[in-house]
Amino acid sequence: MKKKLLSALLSTAMVASLLVGCGGSDNNASDSTADNSAATDSSTTDDSAATDTAADDTATDTASDSAEGGDKFYIYSWNTEVQERLAYVYEVYPEIESRIEYVNVGDSAVYQEKIDQLLQNPDAEDYPDMIAFEAAYIMKYTNSDFTIPVTDCGITDADLAEMYPYTITIATDQRDGSLKGVSWQSCPGSFIYRADLAESLLGVKSPEEMQAKIGSWDDFLATAREIKEKSGDATRILSSNGDVVNTFMSNKTDPWVSSDGVFHMDPSMEEYMDVVKTLEQEDLTQKTTQWSDEWNAGPSTDAVFGYFGCTWFLHWTIKPNCGGEAVGEGTYGSWNMCEGPAPYYWGGTWFGATAGCSDTELAGKIMKTLCCDTEVMTKVSEETLDYVNNKTAMKTLSDAGKGAYDFLGGQDFIAVFSPLAENVDVSWMSAYDQKVNELLDTQVTAYAKGEKDKETAIADFKTAVAEAYPAVTVE
Amino acid sequence: MAKSNGKKRKTVEYGRYGYFFIAPFFIVFAIFQLWPLIYTMGLAFCENYTDTMFNMEVGPTFNGLENFGTIFVSNKGTLFDTYTFRALGNTIIMWMMNFLPQILLALLLAVWFTDTRVKLKAQGAYKILTFMPNIITAATISVLFYKLFDYPNGPLNQILVNSGIWSEPFRFLDTKWSTRGIVSFINFWMWYGNTMIVLTAGVLGISPSLFEAARVDGASSWQIFKSVTLPLLRPIMLFTLVNSAIGGLQMYDIPKLLTTSGYGDPDYTTRTITMYIRELAFTGSRQMGKASAASLVLFVVTLFFSLILFYIMRDKDAIREKKTIKAAQKARKEAK
C-alpha cells in the first residue's frame, strides 16, 4: 500500500515538474534574445517555481507572480543606440528607469522577424509596448493596426512643429493620415571625402569645387577614373560597389509598389545598374562588401577616397574607423563633405507605440521628451553629435558655432546637412523597400559581374518580387 | 494482512506505471512534433500570407492545390523552373558533392582502423582529430571559412597572389561553383569523422573469425572487403546513407551563414530548400501556405530518396530465401 502511494506521488511530482519545465523553457526561449540580466531573472524565477511544485502545490501562485512582470514596459530595438538616447529621458523622469525593459534584438536583419512574432501575441509578457523602426520598413508597421497614433499617447500637433517634414510623412498611416511614429533624428546624406587626397589627386581645394566634380553620375564616374589613374591604382573613389545604392533609392520618382498594389520599376534603376556595372567592370572601387572588415578599414588608409554617408554614418562609422581620435592621428581631420550627385537620406530610427501598449502615458512621455523637447534635443545633439529632428535645436547649435567639426577639418556639418534635411523627399518610400532592395541587389551584382544581360537581370528581379509578394501585381 | 492482500489480488499490475514513465515523451511529441506536422499539411492547402501593404494576415483559407501549382510551374508556364526546384536542385548537388567523397573516405578509414593485420598506431588520436570539426558549431566554422576565403585580402587570396600563382585575388564566395564547393567541403570535413566512427563500430560488430577464415582461404584485402565486410556492413551502411540523405537534404546552417547576404549568394545558387522555406515563411510576405507546401515537397523528396536507398540496400539473399520457403510451403499445400 505504502509503495503504491509513494509511486503515485512520485509520478505526479514528475508530471507536474515536467509541465512546469515546459512553461519554463518556453519563457526562456522567448526571452533568450533579451539582454542578459533579463534572461537570468526569468531563469531564476523558473527555478524557484520548479522547486515550489516539488515541495507543495503552490505552483499556480508562483506562476502568477512571474506573470506580474507585465508591469514592465518593453521597448524593442536592434542595437544600443535607442538605449543610449533613453538615458536623456531618465534624466527628466528618473522614476521610469526601473520599469523600462530595453530589449536589444541585436541584429537588424532578424529584427522584423522577431517583432512580427511578438506582435502576434498581445497577451505575452514580453509583448512590446514600444518598438523602434528603421526607415526601410517603418511603413510596414505604421500602415497597420499593430501601432497606434501618437496622439493617443498625448502628442499634439504643436509638439511636431519643430520636426523635419519628411520624418512625419514617413511615419504617417497612409490609410487615415494619422501619425504613428516619431523620430529624434534626421538623416540627410552627403558624400564624405578625403580633402587631402582631393587636393593631391584632383587639385580640389574646397567642398564647392568637389561638388562640381561629382555633381552628376557621369561626372562622378569621370572623377572615379581620374582618381584611379592619378593615384596609380592606389586609391579608389569608393570602397564597395554597393555604396551608391542609397543615393539611387532616394531618387526614385515612384515607390516600388503603388498604393493599388502594382509593382513599378523606376527607370532610374536601370541607370543604377549601369553605374554599378561601370564601377565593377572598370575596377573603380575596392570591390569590398558593405560593412565587411575590409570596408570598415577603408577610412584609415589612403585606399578609399570617400563614402556616401549621412549624419550617423559620419559620427559612428567613418570617425571610429579613421584610425585616430584627434587631429593628426590617422585620417582624423582630413575629411570634408559635399552634397554628391543627388540629395538623399539614409536610415534613421523612429519610435512607435503598439496596439497593446500597456501604458500609453509612459510611451508619450518618452516620445515627447526625446523627440519634441527642444531643450533635451539640443543637449542630445550637442553631447552625442546626433543630428536631431528639431529645427530650432539645430539652428541654435549652428548659430553657436557648434557645427564646426574638427573631424571635418573645421567644416560646419550642420550647415551642410540642414538644407538637405529640409528638402528630403520621401514620396518614393513603401513598406516593401528593404526586401525589394535586397532582391534587386542580387540581380545587380550578377549583372555588374557580366553574368547576365540587363533584360535577364530585370526579368529575374521581377520574378523574385512576384515570388516574395503574392499580393503584388508584377506587370 | 499481507497474506489476505495477496489472496485478493491475483497479479500485481506494475504495467500501468510504465505508462506514466513513457507519457512525457508522447506528450512532448504530440505537442511539438505531431501537431505541427498535421498543421503544416493543412496549411499547405491554404492561402496564408501577410499583405505587406497594410501588414494584414490573409487566410488561412482553403485554396486547394494553388500553392503546389506555384511551386511546380513557373510564371512562364515551365514545369520545375521555379525557385523551389532550383533550391532543391542546389541542395541535391551540394549534398552529392559532399556525400560521395565522405562515405568513401569514411569507409576506407573504417576498414583501415579495424584491420587486424595493419594495426595502425595512435588510432585514438587520429579518431579525435577527424571527429573534431564535428564538435565545433557550424556557425563558428562558417565564420572561419568566410574569413579564410575573404575577398580581396583573405588569407587564401593573399597566399595565392603573393606567391604568384594567381595574378589577382579570386572571389571565392561570389562564384557559383567555388561557393558550392566550399559549402560541400565544409559539410564533408565536418561529417566524415562522424560517419567513420559509425562505420568502424559496424565493422567491429562483424565476427573477427570471418576475416580470419577468409584470410586463411587466401583472400586478398580487396576480396575480403568486397565479399565479407561490405555485405555484413549493410544494415549500418543503410543507416548511414538514410541518415545522410535526411541530413543532407535539410542542409541549412553552413550555406546560410557562409554567404554574405544569407540568401544563397551568388544569385541564389547556394540557396538550399530549407533556406528557401524559411525565407518564404518569415521574410517578405511571410507566405506560410506556400512554405508549408514546399516543406511537403521536401518531405516527399526525402521519402523518395530514402525508399530508393532501402531498395538498393535490401538483403537480396534473405528475400530469395523467403521466396524459396514460401514456394516450398505452397508446393506442400498443393501436394496435400
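Residues numbered from 1 in each chain as written. Chains lettered and ligands numbered in written order. Predicted model: local features only at pLDDT ≥ 70, side-chain atom pairs only at ≥ 80, totals over all residues. Heavy atoms only, no water.

(A) Examining the overall build of chain A more closely. Across its full length, chain A holds 20 helices and 11 strands. Residues counted as buried form 54% of the 475 residues belonging to chain A. Sequence separation of 24 or more characterises 75% of the internal contacts of chain A that already satisfy a separation of 6 or more. Counting only carbon and sulfur atoms, one obtains 51% of the accessible surface of chain A, whose full area is about 19200 Å². (Helix = DSSP H or I, 4+ residues; strand = E, 2+ residues; numbered from the N terminus. Buried < 20%, exposed > 50% of the residue type's maximum accessible area, 1.4 Å probe, protein only. Contact = heavy atoms within 4.5 Å. Areas by Shrake-Rupley, 256 points an atom, 1.4 Å probe, with all protein chains shown as cover.)

(B) A look at the overall build of chain B. A tally of helices and strands in chain B yields 15 helices and two strands. Rg of the C-alpha trace for chain B: 27 Å, well past the compact-globule value of 20 Å for 336 residues, more than 25% over. Its C-alpha atoms give chain B principal-axis dimensions of about 75 × 60 × 60 Å. Sorting the 336 residues of chain B into buried and exposed places 41% on the buried side. By sequence separation, contacts in chain B at least 24 residues apart represent 62% of the contacts at least 6 residues apart. Accessible surface, chain B as shown: approximately 19600 Å² in total, 68% of it carbon and sulfur. (Rg over C-alpha atoms; globule rule 2.2 N^0.38 Å.)

(C) Just the pattern of salt bridges, in detail. Counted under the stated rule, the structure contains 35 salt bridges over all chains. For Asp274(A), the salt bridge identified is with Lys454(A), shortest N-O distance 2.8 Å. Residue Asp274(A) is found in helix 12 (residues 268-281), and its partner Lys454(A) is found in helix 20 (residues 454-468); the two are separated by 180 residues along the sequence. Judged by its relative accessible area of 17%, Lys454(A) is buried. For the salt bridge of Arg171(B) with Glu280(A), the shortest nitrogen-to-oxygen distance reads 3.1 Å. With Arg171(B) in the loop between helix 7 (155-162) and helix 8 (176-204) and Glu280(A) in helix 12, this residue pair bridges two chains. Like Arg171(B), the residue Glu280(A) is buried in the burial classification. (Salt bridge = Lys/Arg side-chain N within 4 Å of Asp/Glu carboxyl O.)

(D) Here's a closer look at helix 14 (residues 311-318) of chain A. All names here are of chain A. Helix 14 sits mainly inside the fold: seven of its eight residues count as buried. Along helix 14, the positions that sit buried rather than exposed are Thr311, Trp312, Phe313, Leu314, His315, Thr317 and Ile318. Tucked into the core, helix 14 has its buried residues touching strand 6 (189-194), helix 13 (293-297), strand 7 (306-310), strand 8 (335-338), strand 10 (404-405) and helix 18 (413-422).

(E) How the structure looks around the environment of Ile128(B). Residue and element names in this part refer to chain B. One can find isoleucine 128 in helix 5 (residues 123-135). Since its relative accessible area comes to 49%, isoleucine 128 is described here as partly exposed. Measuring from C-alpha to C-alpha, the distance between isoleucine 128 and glycine 193 comes to 8.4 Å, with 65 residues separating the pair along the chain.

(F) Quick peek at the interface of chain A and chain B. Contacts between chain A and chain B engage 45 residues on the former and 36 residues on the latter. Together, Glu113(A), Glu294(A) and Glu467(A) form the three largest contributors to the area buried by chain A at its contact with chain B, with a combined 15%. At the boundary of chain A and chain B, one finds 15 residue pairs in polar contact (both at pLDDT 80 or more). Contributions of two or more residues to the side of chain A that touches chain B are made by helix 1 (2-31), helix 5 (108-119), helix 6 (138-142), helix 13, helix 19 (433-448) and helix 20 of chain A. Broken down by element, the side of chain A that touches chain B gets its largest block of residues, six residues, from helix 19 of chain A. Of the residues contributing to the side of chain A that touches chain B, the split by class is 14 nonpolar, 15 polar and 16 charged. (Buried area = accessible area lost by both parts, 1.4 Å probe. Polar contact = N/O pair within 3.5 Å; in protein donor to acceptor, adjacent residues only side chain to side chain. Nonpolar A, V, L, I, M, F, W, Y, C, P; charged D, E, K, R; others polar.)

(G) Up close: the environment of Leu303(B). All names here are of chain B. Relative to the helices and strands, leucine 303 resides in helix 14 (residues 288-312). Of the residues examined, leucine 303 reaches a relative accessible area of 43% and is grouped as partly exposed. Counting along the chain gives 58 residues from leucine 303 to alanine 245, while the straight-line C-alpha distance between them is 9.5 Å.

(H) Summary view of helix 5 of chain B. All names here are of chain B. Taking 1.5 Å as the rise per residue, helix 5 with 13 residues should run 18 Å; its terminal C-alpha atoms sit 18 Å apart, in good agreement. The sharpest bend along helix 5 reaches about 25° and sits at leucine 129, with the proline proline 133 one to four residues further on. All buried positions along helix 5 are accounted for by Gln123, Thr130, Pro133 and Asn134. Where helix 5 is buried, its residues meet helix 4 (83-114), helix 6 (138-148) and helix 8. (Expected span 1.5 Å × (residues − 1). Bend = angle between axes of the 7 residues up to and from the residue.)

(I) Inspection of the pairing of strand 1 (residues 73-77) of chain A at higher detail. Residues and elements named next belong to chain A. Among the five residues of strand 1, five are classified as buried, and the element is accordingly described as predominantly covered. The alternating pattern of strand 1 places Phe73, Ile75 and Ser77 on one face and Tyr74 and Tyr76 on the opposite face, and all of these are buried. Summarising the sheet, strand 1 and strand 2 (residues 100-104) pair through five bridges and their orientation is parallel. Along strand 2, the bridge assignment pairs isoleucine 75 with tyrosine 102. Taken together, strand 1, helix 4 (residues 81-92) and strand 2 form a β-α-β motif whose crossover is right-handed. (Pairing = 2+ DSSP bridges. Right-handed = clockwise from strand over helix to strand, strands pointing away.)

(J) Molecular detail of the sheet that holds strand 8 of chain A. Residue and element names in this part refer to chain A. If you walk across this open sheet you meet the three strands as 7-6-8, and the pairing is antiparallel. Where the open sheet ends on each side, the last strands, each with one partner, are strand 7 and strand 8. Neighbour to neighbour, the strand axes of the sheet diverge by 35° on average, direction disregarded. Examined bridge by bridge, strand 6 and strand 7 share five bridges and lie antiparallel to one another. Its bridge partner being in strand 7, isoleucine 192 is matched across the sheet by tyrosine 307. Packing against the sheet, helix 14 makes contact with strand 6, strand 7 and strand 8, and its axis sits at approximately 125° to strand 7. (Axes fitted to C-alpha atoms, helices over the stretch in contact; angles between N-to-C directions.)

(K) Structural view of the pairing of strand 7 of chain A. Counting buried residues along strand 7 of chain A, five of its five residues qualify, which places the element largely inside the surrounding structure. By the alternation rule, side chains of strand 7 of chain A split into Gly306(A), Phe308(A) and Cys310(A) and Tyr307(A) and Gly309(A), which are all buried.

(L) Molecular detail of the packing of helix 16 (residues 374-384) of chain A against helix 17 (residues 391-399) of chain A. Residues and elements named next belong to chain A. With their axes 9 Å apart at the nearest point, helix 16 and helix 17 run at an angle of 50° to one another. If you check the angle between helix 16 and helix 17, you find them oblique. Along this stretch, helix 16 crosses helix 17, giving a crossing that reads as right-handed. Taking contact as the criterion, the partners of Thr374, Met377, Thr378, Ser381 and Glu382 in helix 16 are, on helix 17, Thr392, Ala393, Met394 and Leu397. Residues belonging to the contact of helix 16 with helix 17 are distributed by class as follows: four nonpolar, four polar and one charged. (Parallel < 35°, antiparallel > 145°, perpendicular 65-115°, else oblique. Left-handed = near helix turned anticlockwise from the far one by under 90°.)

(M) Focus on the side chain of Arg286(B). You can see Arg286(B) is positioned in the loop between helix 13 (273-282) and helix 14. According to the relative accessible area criterion, Arg286(B) is buried, its value standing at 10%. Of note is the side chain of Arg286(B), whose polar atom sits 3.4 Å from the side chain of Thr50(B). Filtering out sequence-adjacent residues up to four positions away, Arg286(B) remains in contact with Asp116(A), Gln120(A), Lys140(A), Asn48(B), Tyr49(B), Thr50(B), Asn55(B), Leu280(B) and Ala281(B).

(N) Broad picture of the confidence of the model for chain A. With 85% of its residues at a pLDDT of 70 or more, chain A has an overall mean of 79. Contacts from residues 17-70 of chain A, a stretch scored under 50 in pLDDT, to residues over four places away or in other chains number 32 contacts. (pLDDT = per-residue confidence, 0-100.)

(O) Here's a closer look at the packing of aromatic side chains. Using the criterion set out here, one finds 61 aromatic pairs over all chains in the structure. Ring geometry for Trp166(B) against Phe172(B): centres 6.0 Å apart, planes inclined by 40°, an arrangement best described as tilted. Feature note: the residues Phe191(A), Tyr193(A), Trp217(A), Phe220(A), Phe248(A), Tyr272(A), Phe305(A), Phe308(A) and Tyr344(A) constitute an aromatic cluster, connected by ring pairs. The ring of Tyr447(A) has Lys277(A) sitting right over it, with the charged end atom 4.4 Å from the ring centre. The ring of Tyr263(B) is capped by Lys435(A), whose NZ or CZ atom sits 4.6 Å from the centre of that ring. (Phe/Tyr/Trp six-rings, centres within 6.5 Å; stacked < 30°, edge-to-face > 60°. Lys NZ or Arg CZ within 6 Å of the ring centre and 35° of its normal.)

(P) Up close: the side chain of Thr172(A). Residue and element names in this part refer to chain A. Here threonine 172 is to be found in the loop between helix 7 (165-170) and strand 5 (182-183). In terms of polar contacts, threonine 172 uses its side chain to reach the backbone carbonyl oxygen of isoleucine 168, at 2.6 Å. Excluding its chain neighbours within four sequence positions, the residues that come into contact with threonine 172 are Asn143, Gly177, Ser178 and Leu179.

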